[in-house]
2 protein chains.
Amino acid sequence: MIYAETAASHVYKRREMISRRDNYLWKIESGVVRSLTWTEDGQVICSGLWAHGDVIGSELTNLNPYEMECLTDVQLTEISRSHWGNYVNEIIRHSQTNEFLLKISHCRAKDDALRQLLGWLTNRFGEDDRQGRLIGLQLTHQEIAELIGSTRVTVTRIINDLEKGGFLSRKGRKLLFLADSSEQWHYEI
Amino acid sequence: MIYAETAASHVYKRREMISRRDNYLWKIESGVVRSLTWTEDGQVICSGLWAHGDVIGSELTNLNPYEMECLTDVQLTEISRSHWGNYVNEIIRHSQTNEFLLKISHCRAKDDALRQLLGWLTNRFGEDDRQGRLIGLQLTHQEIAELIGSTRVTVTRIINDLEKGGFLSRKGRKLLFLADSSEQWHYEI
C-alpha cells in the first residue's frame, strides 16, 4: 500500500509520553506502550499494553486524563483518519485488550487476576527460553498492580508465592514461566 | 448506501440471547443489549451496555464465555465483514465503552464507581423529565453490580444513600436524577 510506504515515522524514547494528535492513529512498529489514566486521588489505572502491530491514539479514547507512556524505545507510523477503514482488525484488537483487562479487573481474587494477566503477557510478549517462556517485557510490581487493580504489596506477595510454587522464576528483571508448569498455565487460561 | 437498505434485519425479545455469527457484526437499530462473561466460580461480569447506533458481535471479543443478552426487545441489522470499514467510528465507540467500564471497575471506592456509572448512563440513556433526567433503562441492582464489579448489597446501600442525599429518585423501576443535583453530577463526571 502506497500510504504505508510514505507514512511519517516517529521515534520516542523509553518513559516519554506520546503526544496527542487529532485525526490520527499511531501504528506501533516496535517497542511497548502503556495507556493510562488516573482517578482524582491519584490512583493510576493502566488501560492497555500495546506493542508491534497494535494501533493506539487519543482518538481511540474518551478517558480524560489519558496518557500513552513508552515502556521501551518506540517507533510509530501515523495513520490519517481517511485510512482508518484499513485498520479495522487492529482497532477491534484494541477493544479486545480493553475488554480482557476489564474482565480481570473484576476478579475478586487478585491471585486469579494476576494468573490470567501473566498468561496473556506470555501469549502477547512471550519468547521461548530453555527453561520455559520468558515474558520479554520489564514491568515493575507497581505497573502490574495498575493493570489488575491491586496494590504493589499484593502483587509482590502473589509473585513470591508463584515462585515458591515453581510456576515462575526471574531472569534478570524479566519474568519466566517454568517449562514444567507452562502447559498447566496455558490450559488454565 | 445500498447495503444498508438491503441489510437483513433481526428481531429479538427481552431476555433472549443474540446468536454468535462469524464474519458479521450487528448494528443495533433499537433496544438495549448487555454483553457478559463470567468467571469459573460463576461471578457475572458485564463488559458493556449497547443501544441504538452501537455495533456488537462475537467477532469483537476474545472473551469466552461471551453472551449478548437483550435487556429489552431489540432490532438489529447485520454488517458483513466487507463493510466493517464503514463502521470504524462505531467500533471505536465500542472500545471506548469497554475502556470506560475498565476505568470505573478499578475504583476502590464503589461509591465513586457507581456515581460515574450513573453519570454515563444519564448521558447515554437519559431522557428529560420535569424533575430532572430519567435514565430510560431498567437495571436491577444486581445488573448494576455486574457493571462496576461490586455486590448487589453494596449497590442497594449506595443507591439508598444517594436517594437520602437528594441526588436520585425512583420513577417506577427507573432511576431519576433530580434536577437540582444534575449540574453537579455532570460537573463531577
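Residues numbered from 1 in each chain as written. Chains lettered and ligands numbered in written order. Predicted model: local features only at pLDDT ≥ 70, side-chain atom pairs only at ≥ 80, totals over all residues. Heavy atoms only, no water.

Peer 1: Mind showing me how you'd approach the overall build of chain A here?
Peer 2: Along chain A, the regular secondary structure elements total six helices and eleven strands. Relative to a compact globule of 189 residues, whose C-alpha radius of gyration would be 16 Å, chain A shows 17 Å and is just as compact. Here chain A holds 189 residues, and the buried ones make up 52% of them. For chain A, contacts bridging at least 24 residues in sequence account for 67% of all contacts bridging at least 6. Accessible surface, chain A: about 8,800 Å² in total, of which carbon and sulfur atoms supply 46%. (Helix = DSSP H or I, 4+ residues; strand = E, 2+ residues; numbered from the N terminus. Rg over C-alpha atoms; globule rule 2.2 N^0.38 Å. Buried < 20%, exposed > 50% of the residue type's maximum accessible area, 1.4 Å probe, protein only. Contact = heavy atoms within 4.5 Å. Areas by Shrake-Rupley, 256 points an atom, 1.4 Å probe, with all protein chains shown as cover.)

Peer 1: Would you take a moment to explain the environment of Gly42 of chain B for this structure?
Peer 2: Residues and elements named next belong to chain B. Mapped onto the elements of the fold, Gly42 is located in the loop between strand S3 (33-38) and strand S4 (44-50). For Gly42, a relative accessible area of 47% puts it in the partly exposed group. Remark: the alpha-carbon pair of Gly42 and Leu175, spanning 133 residues in sequence, is separated by 28 Å.

Peer 1: Whenever I open this one, the interface of chain A and chain B confuses me. Can you help?
Peer 2: One frequent convention defines the size of an interface as the accessible area lost when the parts assemble. Listed by partner, the interface residues are 42 residues for chain A and 42 residues for chain B. Here chain A and chain B share an interface that buries about 3,400 Å² over both sides, 56% of which is from carbon and sulfur atoms. Together, Glu99, Lys103 and His106 of chain A form the three largest contributors to the area buried by chain A at its contact with chain B, with a combined 21%. Breaking the side of chain A that touches chain B down by element, the ones donating at least two residues are strand S3 (33-38), strand S4 (44-50), helix H2 (88-105) and helix H4 (141-148) of chain A. Counting residues per element, the side of chain A that touches chain B draws most heavily on H2 of chain A, which supplies 14 residues. Partitioning the side of chain A that touches chain B into residue classes produces 16 nonpolar, 18 polar and eight charged. (Buried area = accessible area lost by both parts, 1.4 Å probe. Nonpolar A, V, L, I, M, F, W, Y, C, P; charged D, E, K, R; others polar.)

Peer 1: Before we go on, may I ask you to explain the side chain of Glu90 of chain A in this structure?
Peer 2: Residue and element names in this part refer to chain A. Within the secondary structure, Glu90 sits in helix H2. Despite its burial, Glu90 remains without a salt bridge, the nearest opposite charge being carried by Arg93 at 5.3 Å. Not counting chain neighbours up to four residues away, the residues in contact with Glu90 comprise Gly53 and Val55. (Lys, Arg positive; Asp, Glu negative; His and termini not counted. Salt bridge = Lys/Arg side-chain N within 4 Å of Asp/Glu carboxyl O.)

Peer 1: Is there a simple way to think about the nonpolar core in this case?
Peer 2: Within soluble globular proteins, side chains that are nonpolar generally end up buried alongside one another. In this structure, Leu117 and Leu121 of chain A together with Leu117 and Leu121 of chain B are the most contacted members of the largest nonpolar core, which totals 62 residues. If we skip the residues at most four places from it in the chain, Leu117 of chain B touches Phe100, Leu101, Ile104, Ile144, Leu147 and Ile148 of chain B. Counting 18 residues, the second-largest nonpolar core is a separate cluster that includes Leu60 and Ile91 of chain A together with Trp84 and Ile91 of chain B. (Core = buried A, V, L, I, M, F, W, Y, C linked by side-chain atoms within 4.5 Å.)

Peer 1: Explain the relation of the copies chain A and chain B to me, please; I cannot follow it from the model alone.
Peer 2: Between the two copies of this chain, the relationship is a rotation about some axis together with a displacement along it. Expressed as a screw operation, the relation of chain A to chain B combines 0.0 Å of axial shift with a rotation of 180°, fitting to an RMSD of 0.0 Å. Each copy turns onto its partner about a two-fold axis. (Least-squares fit on C-alpha atoms with pLDDT ≥ 70 in both.)

Peer 1: Explain the sheet that holds S3 of chain A here, please?
Peer 2: Strand pairing in a sheet takes place through backbone hydrogen bonds and is either antiparallel or parallel in direction. Residues and elements named next belong to chain A. Strand order in the open sheet made by the three strands is S4-S3-S6, with antiparallel pairing throughout. If you trace the sheet from one side to the other, it starts and ends with S4 and strand S6 (67-70), each paired once. Taken over all neighbouring pairs, the strand axes of this sheet differ in orientation by 30° on average, direction set aside. (Pairing = 2+ DSSP bridges. Axes fitted to C-alpha atoms, helices over the stretch in contact; angles between N-to-C directions.)

Peer 1: What is the right way to read the packing of aromatic side chains from this model?
Peer 2: Note on aromatic pairs: each is described by the distance of the centres and the angle between the planes. Residues and elements named next belong to chain A. Here the structure, examined in full by the defined rule, presents four aromatic pairs over all chains. Each ring, one from Trp120 and one from Phe125, has its centre 6.2 Å from the other, and the planes form 80°; the classification is edge-to-face. The same class applies to Trp120 and to Phe125, which are both buried. By the ring-pair criterion, three or more aromatic residues cluster together here, those being Phe100, Trp120 and Phe125. The ring centre of Tyr24 lies 3.7 Å from the NZ or CZ of Arg21, which sits over that ring. (Phe/Tyr/Trp six-rings, centres within 6.5 Å; stacked < 30°, edge-to-face > 60°. Lys NZ or Arg CZ within 6 Å of the ring centre and 35° of its normal.)

Peer 1: Would you mind going over helix H4 (residues 141-148) of chain B with me for this structure?
Peer 2: Every α-helix carries 3.6 residues per turn, so stepping three or four residues along brings you back to the same face. All names here are of chain B. Taken across its eight residues, H4 has seven buried, putting it largely inside the fold. The inward-facing, buried residues of H4 contact S3, S4, helix H2 (88-105), helix H3 (110-125), helix H5 (152-164) and strand S11 (174-178). One or two residues past the end of H4 sits Gly149, with phi positive at roughly 75°.

Peer 1: Looking at this structure, I do not really get the pattern of salt bridges. What am I missing?
Peer 2: For side chains of opposite charge, pairing can occur when their charged atoms come near one another. Residue and element names in this part refer to chain A. For the coordinates displayed, the defined rule picks out 30 salt bridges over all chains. Between Asp73 and Lys13 there is a salt bridge, and its shortest N-O distance comes to 3.9 Å. Of this pair, Asp73 sits in the loop between S6 and strand S7 (74-80) while Lys13 is found in the loop between strand S1 (9-12) and strand S2 (24-30), placing the two residues 60 residues apart along the sequence. For Asp73, a relative accessible area of 43% puts it in the partly exposed group. Within the structure, one salt-bridge network assembled from shared partners comprises Arg15, Arg34, Glu69, Glu143 and Glu146.

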